[in-house]
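# Architecture and fold: a report
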Amino acid sequence: MEIFQGRYLSWETQEGVIEVALHHGPCNEIGLLALEELEKLSSALQSLVHNAHALIVYSSLKSGFCAGADLRELYFRSQEMEKARALEGVRDFLERIHKVLNTIDAAPLTTIAAVHGVTFGGGFELALVCDLIIADKMARFCFPELRLGLIPGFGGIPRLKRDLGNGVVRDLLLTGRSFNATKAQAVGLVSQVVAEGEALRVARSTAAQLAKFDRRTAIAAKKFIKPIPYHELKQEIDLFCQLFVEPAVEAGLRKFVENTAALPYLP
Amino acid sequence: MKTQEQTLDEILDLAAKHFKVARAKLGPDDDFFKTLGIDSLQALDLLTRLENHFHVELPDYELQGVSDFRTLAERIQARL
């Protein structure tokens, strides 16, 4: 499919660049709908890559790139079923989203996340699978999962560890604080910080530059410098599932769902 | 180095301009959530604008419970 128009995301290919737009309010939360459409993208990539050298993922919503997993859906679905079944559902979801993200991570083209605003949790993890992150100066990155008694579950820790120093990973994860784009660039997470509203334009300009290089060399270079940490990714799923059955998680999710505070993401 | 009063003035100027509220309507002890009528995403936006403007890092937890411009200015001043 050269063009796809879904409820969560859309894509089209132009001049060798696959542009994936996220457009599901309030802020592209990743639930079952997102997963199904991301799986469509993952399957379509097998043929799309024959006519493309780059992929850009961005959000067309003003609120931000992606606020992460759909915690409301997770909470309400978990409440509808017994604990053992809820856990099976969570593991299945994680295994499916990991498969999608591993496919994008290893895709034989150069991938760029053009981010702005909220880039939290699973949204941050989606950006982390890309080869380059180009950030609007108003972008903010955060892993707030510990406030729920959880760890990031979409591959965040292994990929952060792949890309950054362990001290920065601990800061992000253990404090749950958010980084702005300038800080994210200073620690090596973001390749370019651009003015408000310019991330997609700069991502397109970067993708045009990539077209000048030999495709096979770019693929070989990517494979050489960006190994997929499969073993740790699997360990992450196991640890997430181990933590998910703790009472603190249900309490944390309920608190989030019922929270009307001005800064509900704060740990 | 800026004085705390200068920092406070700049915060009020920035908030008034960005959230399109008359500067004269903003006072140092106002609850900025109420005065500016902002939600959590807009509060994050304000936090990022302040960090960019003053070239400081403001860990989210340092702002927990802070809702007036004067205390916000104190937190920023402590990092200038």
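Residues numbered from 1 in each chain as written. Chains lettered and ligands numbered in written order. Predicted model: local features only at pLDDT ≥ 70, side-chain atom pairs only at ≥ 80, totals over all residues. Heavy atoms only, no water.

## Side note on the overall build of chain B
Along the backbone of chain B there are 4 helices and 0 strands. Taking 12 Å as the expected radius of gyration for a compact globule of 80 residues, we find that chain B reaches 11 Å, a close match to that expectation. The principal-axis extent of the C-alpha atoms belonging to chain B is close to 30 × 25 × 20 Å. Across chain B, the fraction of contacts at a sequence separation of at least 24, relative to all contacts at a separation of at least 6, is 56%. When the accessible surface of chain B is totalled, it reaches about 4,100 Å², and 48% of it is carbon and sulfur. Taking the 10 positively charged and 15 negatively charged side chains of chain B as two groups, their mean positions are separated by 5 Å. (Helix = DSSP H or I, 4+ residues; strand = E, 2+ residues; numbered from the N terminus. Rg over C-alpha atoms; globule rule 2.2 N^0.38 Å. Contact = heavy atoms within 4.5 Å. Areas by Shrake-Rupley, 256 points an atom, 1.4 Å probe, with all protein chains shown as cover. Lys, Arg positive; Asp, Glu negative; His and termini not counted. Charge placed at Lys NZ, Arg CZ, Asp CG, Glu CD.)

## Let's talk about the overall build of chain A
Per the secondary structure count, chain A includes 11 helices and 11 strands. Taking the principal axes of its C-alpha atoms as reference, chain A extends roughly 55 × 35 × 35 Å. Sorting the 267 residues of chain A into buried and exposed places 54% on the buried side. Carbon and sulfur atoms provide 55% of the accessible area of chain A, an area that totals close to 11,900 Å². Averaging the coordinates of the 30 positive side-chain charges in chain A and doing the same for the 31 negative ones gives two points 4 Å apart. (Buried < 20%, exposed > 50% of the residue type's maximum accessible area, 1.4 Å probe, protein only.)

## Considerations on the interface of chain B and chain A
A common way to report how large an interface is uses the accessible area buried once the components associate. Opposite the 18 residues of chain B that make contact, chain A presents 20 residues. Interface area for chain B against chain A, summed over the two sides, is near 1,600 Å², with a carbon-plus-sulfur share of 57%. Contact with chain A buries surface across chain B, with L44, E57 and D60 of chain B losing the most and accounting together for 30% of the total. Across the chain B-chain A interface, the total number found is 4 salt bridges. The tally of links between chain B and chain A comes to 8 residue pairs in polar contact (both at pLDDT 80 or more). At 10 residues, helix α3 (residues 40–54) of chain B tops the list of elements feeding residues into the side of chain B that touches chain A. When its residues are assigned to classes, the side of chain B that touches chain A shows 8 nonpolar, 4 polar and 6 charged. (Buried area = accessible area lost by both parts, 1.4 Å probe. Salt bridge = Lys/Arg side-chain N within 4 Å of Asp/Glu carboxyl O. Polar contact = N/O pair within 3.5 Å; in protein donor to acceptor, adjacent residues only side chain to side chain. Nonpolar A, V, L, I, M, F, W, Y, C, P; charged D, E, K, R; others polar.)

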